[in-house]
Amino acid sequence: MENAERAAEKRTAPAEAAEAPPAETTGPTGAAGSVEPAGATGSGGRGSRVGRWVVVGSFVGCVVLGCGALLLLPGRESGPRRAPAPAPGAQAGSAVRAGVPAALPDLAVLIGERESRVRAHPQDARSWAVLGTAYVEQGRRTADAAALYPKAERALRTSLKVRPKANAEALDGLAALANARRDFRAARSWGEAARAQAPARWTTYAQLVDAYTGLGEYKNARKALDRLTALHSGPAVRARAAGVYWDRGLREDAQAALADAAAGAPSPAERAAWLERAGQLAWERGEREDALRHFQEAVRTDPDQRAAHAGQGRALAALGRTSEALSAYRVALSGQPLPQYALELGELYESLGLTQAARVQYDLLRERVRQESAGGVDGELVLGRFEADHGDPASAVRRLRAEWRRQPGIAVADALGWALHRSGDDHEALRFAMIATDRVHGGAVYSAPYMYHLGMIERDLDREGPARRHLAEALRINPWFSPLSVPVARAALARLGGEPAPAELPE
């Protein structure tokens, strides 16, 4: 059994679906070889039922008097039969085992099937592992961490209890759960344990890429990606590679990888996820129209892709289509009420002078962080960012210092530097802002907010030249990066001596 599983791990996700046990393939499968309705047409008479009029003409003295009779003869079906589409549970099972997004309706089917399976067969370690990983994906897609992440952990630990050894699938699931909770140290531990058990299991390296990135271990993330690409190819790997390329400042490579991933995705849910990430990349580059196109296509492909709705909100606001932007954010929050979306919507309201509406979103942010913490999610980064700009900067510093000690990634360095600046400690703030933007420390990503933070800190330290350069670079990267911060950046740049001409902007 174990040898069979290891062999299956080297195949693509569709191949895994074909080899799934019977419990995974319950549900409608369609009728292979069924004929199409009469009257359908086809190319060359193949693969469809076509009535054929055959003229039986006269021959040697006109056997039939006068003229030939017309006979309607039924055609016969020919050509290869189409394989039935996988059942929804099998589709979702393939996706969660490969660590890629699955459609919410299919996930519900898979979870129902696996819950029934483990009730009937409580010693089925593999079903417990799949069930736990499916809970992780459902929690990620719906932001219902408080209910689903504890259930995921119980299922995955039950799988390990049933089969303590040679159970890399459960270890992978626990790594995915830890990444979803932003507990990157735990994700690294679970991922490295899975790698020790099954070094050729490609999905493990995808989880390690995320864990190492969250911990600021960028060399290890690149090594994990190299191993991943050596073991497997396909859309999921291309999308994971795009994230590493983006962190290294290789924007064109990231864009090409995401385009390949979206084009090759085997399911609408997976394609929509890669389109949404391509939209994020276009937004980070300041390409608001292109970003909006990607987000809109993602929503058309999978209406449950709430991150794409939030992306539409960003892009529409940048295009001045404010009413549409507000509606897009509300749709995102209705299906996936993440604190980050509430923060963005609150800042949009605040930029419009709607302070009471902004407070409602800020209250929602605090409540969502509290609820998610019940599911084990680390919300200190988003809460620290919020407190720095809209609450208590000293509280933000305390939270983010602790976060930096736990997992010193680039995003935390930037947030801590900004919180220190907002609390009045610009000298220490500069150190963290430099970490977030210095290639030596892994800060190669071209981020307009990071450059804006650095430039504003330098301005208050009377480092006018670097401040002018970095504020200009922030506006060059993305002139619409924040409805609140962009006007501040432009005003600060004007006071420093004006915005440089385009030819003078740094590359």
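As the structure is a computational prediction, the values presented were derived from the model and not from experiment. (Residues numbered from 1 in each chain as written. Predicted model: local features only at pLDDT ≥ 70, side-chain atom pairs only at ≥ 80, totals over all residues. Heavy atoms only, no water.)

Some thoughts on helix 4 (residues 104-120)
To keep things clear, this is the line we draw: A run of DSSP states H or I qualifies as a helix once it reaches four residues; a run of E qualifies as a strand once it reaches two. Both are numbered from the N-terminal end. Expected span of a helix, by definition, is 1.5 Å for each gap between consecutive residues, and there is one gap fewer than residues. The rule is simple: take the accessible area with a 1.4 Å probe, protein chains only, and divide by the maximum for that residue type; under 20% is buried, over 50% is exposed, in between is partly exposed. Should any heavy atoms of two residues lie within 4.5 Å, those residues are counted as being in contact.
Given a rise of 1.5 Å per residue, 17 residues ought to cover 24 Å, and the 24 Å separating the end C-alpha atoms of helix 4 matches this to within 8%. For helix 4, the complete set of buried residues consists of Leu 104, Asp 106, Leu 107, Leu 110, Ile 111, Glu 113, Arg 114 and Val 118. Those residues of helix 4 that are buried are in contact with helix 3 (88-98) and helix 5 (125-142).

Digging into the nonpolar core
Operational definition: Residues grouped as a nonpolar core are buried Ala, Val, Leu, Ile, Met, Phe, Trp, Tyr and Cys residues, joined through side-chain atoms within 4.5 Å.
Formed by 62 residues in total, the largest nonpolar core has its most connected members in Leu 107, Leu 131, Leu 228 and Trp 274. Ignoring any residue separated from it by four or fewer positions in sequence, one finds Trp 274 in contact with Val 100, Pro 101, Pro 235, Ala 236, Ala 239, Leu 258, Ala 261, Ala 262 and Ala 265. Counting 40 residues, the second largest nonpolar core, distinct from the first, contains Ala 436, Tyr 452, Ala 467 and Ala 492.

Observations regarding the side chain of Thr 133
With respect to the secondary-structure elements, Thr 133 resides in helix 5. With near-sequence residues (within four places) excluded, Thr 133 lies in contact with Val 96, Leu 156 and Gly 173.

Focus on the pattern of salt bridges
Put simply, the rule is: We count a salt bridge whenever a side-chain nitrogen from Lys or Arg sits within 4 Å of a carboxyl oxygen from Asp or Glu.
Applying the stated criterion to the full structure yields 31 salt bridges. Put simply, Arg 117 and Asp 124 hold a salt bridge, and the shortest N to O gap is 2.8 Å. A residue is classified by how much of its surface remains accessible, and Arg 117, at 29% relative accessible area, is partly exposed. Judged by its relative accessible area of 17%, Asp 124 is buried. Linking Arg 399 and Glu 380 is a salt bridge whose minimum nitrogen-to-oxygen distance equals 3.1 Å. Here Arg 399, found in helix 20 (residues 393-406), pairs with Glu 380, found in helix 19 (residues 380-390); they are 19 residues apart in sequence, far enough to count as distant.

Focus: unusual backbone geometry
Within the chain, Ala 143 stands out as a residue other than glycine whose phi angle is a positive 60°. Turning to its location among the elements, Ala 143 is positioned in the loop between helix 5 and helix 6 (145-162).

Describing the packing of helix 8 (residues 184-197) against helix 9 (residues 202-214)
Note the following rule: Under this scheme, a helix contributes an axis fitted over its contacting stretch, all axes are lines through C-alpha atoms, and angles between N-to-C directions fall in the 0 to 180 degree range. Relative orientations are named as follows: roughly parallel for angles under 35 degrees, roughly antiparallel for angles over 145 degrees, roughly perpendicular for angles from 65 to 115 degrees, and oblique for any other angle. Left-handed describes a crossing in which the near helix is turned anticlockwise from the far one by less than a right angle; the clockwise case is right-handed. All amino acids are sorted into three groups, where Ala, Val, Leu, Ile, Met, Phe, Trp, Tyr, Cys and Pro are nonpolar, Asp, Glu, Lys and Arg are charged, and the leftover types, Gly among them, are polar.
Put simply, helix 8 and helix 9 touch, their axes get as near as 8 Å, and they point 150° apart. Taken together, helix 8 and helix 9 sit at an angle that is classed as roughly antiparallel. Crossing of helix 8 against helix 9: the hand is left-handed. Judged by residue contacts, Phe 184, Ala 187, Arg 188, Gly 191, Glu 192, Ala 194 and Arg 195 of helix 8 engage Thr 204, Tyr 205, Leu 208, Asp 210, Ala 211, Tyr 212 and Gly 214 from helix 9. A per-class count over the contact of helix 8 with helix 9 returns seven nonpolar, three polar and four charged.

A closer look at helix 14 (residues 288-301)
The terminal C-alpha atoms of helix 14 lie 20 Å apart, and with 14 residues this matches the ideal 20 Å at 1.5 Å per residue to within 8%. At its buried positions, helix 14 is contacted by helix 12 (251-264), helix 13 (268-284) and helix 15 (306-318).

Quick word on the environment of Pro 235
Counting through the fold element by element, Pro 235 comes out in helix 11 (residues 235-247). Between the alpha carbons of Pro 235 and Pro 266 there is a distance of 8.4 Å; along the sequence they are 31 residues apart.

Section: the confidence of the model for the chain
The condition that has to hold: Confidence of the prediction at every residue is given by pLDDT, a number between 0 and 100.
Here the chain shows a mean pLDDT of 85. Residues at 70 or above account for 80%. For the stretch residues 501-507, pLDDT sits under 50, and the model shows seven contacts to residues farther than four places along the chain or on other chains.

A short note on empty space enclosed by the protein
If a probe the size of a water molecule is rolled over the atoms, the empty space left behind becomes visible. Defined as follows: Of the grid points, spaced at 1 Å and generated over the protein atoms alone, those admitting a 1.4 Å probe that cannot get out make up cavities, while open sets with protein on both sides within 12 Å along at least five of seven lines make up pockets; any residue with an atom within 4 Å of a point is treated as lining. Grid points are joined across faces, edges and corners, and a volume is the space filled by probe spheres set on the points.
Inspection of every chain in the model, using the stated rule, returns two cavities of 30 Å³ or more. Taken as a whole, the second largest cavity holds about 40 Å³ of empty space. In this structure, the second largest cavity is lined by Ala 98, Gly 99, Val 100, Trp 202, Ala 206, Leu 228, Ala 236, Val 237 and Arg 240. The element that contributes the greatest number of residues to the lining of the second largest cavity is helix 11, accounting for three residues. Of the residues assigned to the lining of the second largest cavity, the class counts are seven nonpolar, one polar and one charged.

Digging into the packing of aromatic side chains
Aromatic ring pairs are described here by two measures, namely the spacing of the ring centres and the angle between the planes. To keep it simple, the criterion reads: Centres within 6.5 Å make a pair out of two Phe, Tyr or Trp rings, where for Trp the six-membered ring is used; the pair is then stacked when the planes are under 30 degrees apart, edge-to-face when over 60, and tilted otherwise. Over a ring means this: the NZ of a Lys or the CZ of an Arg is within 6 Å of the ring centre and within 35 degrees of the ring normal.
Under the defined criterion, the tally for this structure stands at four aromatic pairs. Taken together, a centroid distance of 5.2 Å and an interplanar angle of 55° make the contact between Tyr 362 and Phe 386 tilted. In this pair, Tyr 362 sits in helix 18 (residues 355-374) while Phe 386 sits in helix 19, placing the two residues 24 residues apart along the sequence. The class for Phe 386 is buried, based on a relative accessible area of 1%. Measuring from centroid to centroid gives 5.6 Å for Tyr 452 and Phe 481, while their planes differ by 50°, and the two rings are tilted. Residue Tyr 452 is located in helix 23 (residues 448-460), and its partner Phe 481 is located in the loop between helix 24 (464-477) and helix 25 (485-495); the two are separated by 29 residues in the primary sequence. For Phe 481, a relative accessible area of 12% translates into the label buried. Put simply, the rings of Trp 418, Tyr 452 and Phe 481 pair up and form one aromatic cluster. Stacked on the ring of Phe 432, the Lys or Arg Arg 431 has its end atom at 4.3 Å from the ring centre.

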